[in-house]
Structure formats: structure tokens, C-alpha cells
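Residue strings, one per chain:
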Amino acid sequence: RTSDGTLWAGTAAVLCRLQAGGAFACPGDRLAPGLDRAVVNALWAAPGGVLWVGTRTGLFRLDPRRADAPATVYTAATSDLPGDAVYAIAPDDSG
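What this report covers is the structure whose coordinates are included nearby. Everything quoted here is computed from the prediction, not taken from an experiment.

A regular strand carries its side chains on alternate faces of the sheet. When you tally the buried positions in strand 6 (residues 58-62), you get 4 out of 5 residues, the bulk of the element. Two strands pair when backbone bridges link them, and strand 5 (residues 51-55) and strand 6 are joined in this way by 5 bridges, in the antiparallel orientation. By the bridge assignment for strand 6, T55 is matched with G58. The antiparallel pairing of strand 5 with strand 6 creates a hairpin that spans 2 residues between the two strands. Looking at chain direction, strand 6 and strand 7 (residues 72-74) are connected through 3 bridges and run antiparallel. Of the residues in strand 7, the one forming a bridge with F60 is V73.

Structural data, given as C-alpha cells:
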């Protein structure tokens with residue numbers, strides 16, 4: 001659950017959200033290219049509202065409060081991840 005009260009759920013095919021007012025959507029590609037086809041393995045809602053999504057194809061950093069902000073995608077080729085698949089997300093002391 002992100003700080004705005006939105007409940008997020010990931011499946012083997014899609015990332016969906018249930019907003020506090022009851023609206024349900026599976027925004028997929030509108031949040032990040034490739035996210036509509038991603039197998040979601042892990043989710044973490046950071047205290048500031050940022051949503052981290054671990055998939056078989058990388059780690060997505062989304063800010064659902066800012067529809068105009070592009071997602072950041074971390075992969076083995078673009079970051080220090082040892083591989084593209086992310087199965088768990090654990091915050092460190094810096095968040």
C-alpha cells in the first residue's frame with residue numbers, strides 16, 4: 001500500500017491497483033514500457049510514495065503520484081544488479 005492509500009497487486013501477467021476510493025485499474029504500460037508483460041515477483045511501497053516492482057526483466061521504480069514522470073528500470077546491463085530477475089526487495093538504512 002502506497003502512502004496515498006492505493007493497494008497494489010502484482011501477478012504473473014500484470015500490475016494492478018485499487019485506489020482508496022474504490023477505482024480498480026491495471027495500468028501496465030502506462031506506468032512503464034514493458035511492465036504490462038512483466039511477471040511481478042516483488043513489490044515494495046517506499047514511505048515517500050514511490051513503488052518498487054521486482055520482475056524477471058528488472059527492477060522498476062515508479063512514482064504513481066506523478067503520471068508525467070517516467071519509470072526508472074534497473075537491469076544487469078544498466079546497474080549493479082547481478083541479473084535481471086528480482087525476486088525480493090528489502091530497504092536499507094537509507095530507505
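Core analysis: the biggest nonpolar cluster contains 10 residues, these being W8, L15, A32, L35, A38, V40, L51, V53, F60 and L62. Going through the elements one at a time, strand 5 and strand 6 are the ones with two or more residues in this core. Within the second largest apolar cluster, 6 residues are counted, among which are W44, A46, L59 and V86.

Where strand 1 (residues 7-10) and strand 2 (residues 15-18) come together, 4 bridges link them in antiparallel fashion. Within strand 2, the residue paired with G10 across the bridge is L15. Hairpin connection from strand 1 to strand 2: 4 residues lie between these consecutive antiparallel strands.

Taken as a whole and assessed by the stated rule, the structure comprises 1 aromatic pair. A centroid spacing of 6.0 Å and a plane angle of 25° characterise the contact between W52 and Y74, whose relative ring orientation is stacked. Linking W52 in strand 5 with Y74 in strand 7, this pair joins segments that are 22 residues apart in sequence. Since its relative accessible area comes to 28%, Y74 is described here as partly exposed.

What follows is about a nonpolar patch on the surface. A cluster of nonpolar side chains, L7, L18 and F24, forms an exposed patch at the surface whose accessible area comes to about 290 Å². Of note, L18 is situated in strand 2.

Each value, and the rule that gives it
- Residues numbered from 1 in each chain as written.
- Predicted model: local features only at pLDDT ≥ 70, side-chain atom pairs only at ≥ 80, totals over all residues.
- Heavy atoms only, no water.
- Buried < 20%, exposed > 50% of the residue type's maximum accessible area, 1.4 Å probe, protein only.
- Helix = DSSP H or I, 4+ residues; strand = E, 2+ residues; numbered from the N terminus.
- Pairing = 2+ DSSP bridges.
- Core = buried A, V, L, I, M, F, W, Y, C linked by side-chain atoms within 4.5 Å.
- Phe/Tyr/Trp six-rings, centres within 6.5 Å; stacked < 30°, edge-to-face > 60°.
- Patch = residues over 30% accessible without salt bridge, like charges linked within 9 Å, V, L, I, M, F, W, Y side chains within 5 Å.
- Areas by Shrake-Rupley, 256 points an atom, 1.4 Å probe, with all protein chains shown as cover.
- Salt bridge = Lys/Arg side-chain N within 4 Å of Asp/Glu carboxyl O.

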